[in-house]
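Results of the structural survey
Residues per chain are reported as follows:
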Amino acid sequence: MTLRPLSSFADFELAAAWLQRRENYQWLDFGSSRQGATPTLLRIMVQREANFIRLYTSDTDDTPIGIVALHNLDRNMRTGTFWIVAGDKSFRSRGWAHIAASRFLTLAFRVLGLHTVNTWIVEHNVSRRGAERLGFRFIGRQRQCHFIDGQPHDRLLFDLLASELREIDHLDRPAFRGRPDVGATVHLPASPRP
């Protein structure tokens, strides 16, 4: 699996298409009452220092699977807010999103130098289990602040310190067995900002 920047027109179109699907955008919030994202919005987001966004791809043919990101990135306070979307559902339930999240968070802590990452998850969303497996800790609740189909839901707040990340070694998982060299590389930007 690789983590790579959105760079081509096709990358932006594909990621935006994923983020415009109701099954994905209902769990997100891009601000200003916006849940879905357009290719133009994604282009703006990747240019802002407050965002760090990567596609995660298949290790067999570099097929994009999903998008993983930090927003509200504050390099002075060394914090950011994490989110992830599995775009290609044919890869669902095989651990790809979990591996991508682990690698991305490792990158955030080791390369970007963050000290803590936070996230929120709408109550009853199954992604809570994945966040907890990575080491995120429940820290609070925002009550009835997220609307899906006109119904209010709570957001559960989590955070993770760099020292608490539970890195995932995909080679130990049956779904990822194969060539020993597969998936070992995380593609970093040419000159990451400290």
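Structure's up top.
Residues numbered from 1 in each chain as written. Predicted model: local features only at pLDDT ≥ 70, side-chain atom pairs only at ≥ 80, totals over all residues. Heavy atoms only, no water.

The subject of this paragraph is the packing of aromatic side chains. For the coordinates displayed, the defined rule picks out four aromatic pairs. It is Arg43 that lies over the ring of Phe12; its NZ or CZ is 5.0 Å from the centre. Sitting above the plane of the Trp120 ring, Arg155 keeps its charged end 3.7 Å from the centroid. (Phe/Tyr/Trp six-rings, centres within 6.5 Å; stacked < 30°, edge-to-face > 60°. Lys NZ or Arg CZ within 6 Å of the ring centre and 35° of its normal.)

Formed by 29 residues in total, the largest nonpolar core has its most connected members in Tyr56, Leu70, Phe82, Leu105, Leu114, Val117 and Phe136. Elements represented by at least two residues in this core include exactly strand E2 (52–57), strand E3 (64–74), helix H4 (96–110), strand E5 (116–122), helix H5 (127–134) and strand E7 (151–161). If you tally residues by element for this core, the top one is H4, at nine residues. If you look at the next biggest cluster of nonpolar residues, it comprises 18 residues, including Trp18, Leu19, Leu28 and Val85. (Core = buried A, V, L, I, M, F, W, Y, C linked by side-chain atoms within 4.5 Å. Buried < 20%, exposed > 50% of the residue type's maximum accessible area, 1.4 Å probe, protein only. Helix = DSSP H or I, 4+ residues; strand = E, 2+ residues; numbered from the N terminus.)

Moving on to the pairing of strand E6 (residues 137–148). Taken together, the eight bridges between E6 and E7 define a ladder with antiparallel strand orientation. Note on E7: the bridge partner recorded for Phe138 is Phe158. Here E6 folds back onto E7, and the loop between the two strands holds two residues, one of which, Asp149, carries a positive phi near 55 degrees. (Pairing = 2+ DSSP bridges.)

Here seven strands make up an open sheet; going across it, the order is E1-E2-E3-E4-E5-E7-E6 and the pairing mixed. The outermost strands of the open sheet, each flanked by one partner alone, are strand E1 (2–4) and E6. When strand polarity is set aside, the average angle formed by the axes of neighbouring strands in this sheet is 30 degrees. The pairing of E1 with E2 spans three bridges and is antiparallel. Paired with Leu3 across the strands is Tyr56, a residue of E2. The strands touched by H5 within the sheet are E5, E6 and E7, with E7 carrying the most contacts at an inclination of about 15 degrees. (Axes fitted to C-alpha atoms, helices over the stretch in contact; angles between N-to-C directions. Contact = heavy atoms within 4.5 Å.)

Turning next to the packing of helix H1 (residues 9–19) against helix H3 (residues 39–47). Running from N to C, H1 and H3 point in directions that differ by 110 degrees, and their axes come no closer than 8 Å. With respect to H3, the axis of H1 lies roughly perpendicular. In this structure, H1 meets H3 at a crossing whose hand is right-handed. Together, Phe9, Phe12, Glu13, Ala15, Ala16 and Leu19 of H1 and Pro39, Leu42, Arg43 and Val46 of H3 make up the contact between the two elements. Tallied by class, the residues present in the contact of H1 with H3 amount to eight nonpolar, no polar and two charged. (Parallel < 35°, antiparallel > 145°, perpendicular 65-115°, else oblique. Left-handed = near helix turned anticlockwise from the far one by under 90°. Nonpolar A, V, L, I, M, F, W, Y, C, P; charged D, E, K, R; others polar.)

With that settled, the discussion passes to H3. Those residues of H3 that sit buried are Pro39, Leu41, Leu42 and Met45. Looking straight down H3, one finds that the buried residues subtend no more than 155 degrees of arc, so they occupy a single side. Its buried side turned inward, H3 meets H1, E2, E3 and strand E4 (79–86). (Arc of directions from axis to C-beta.)

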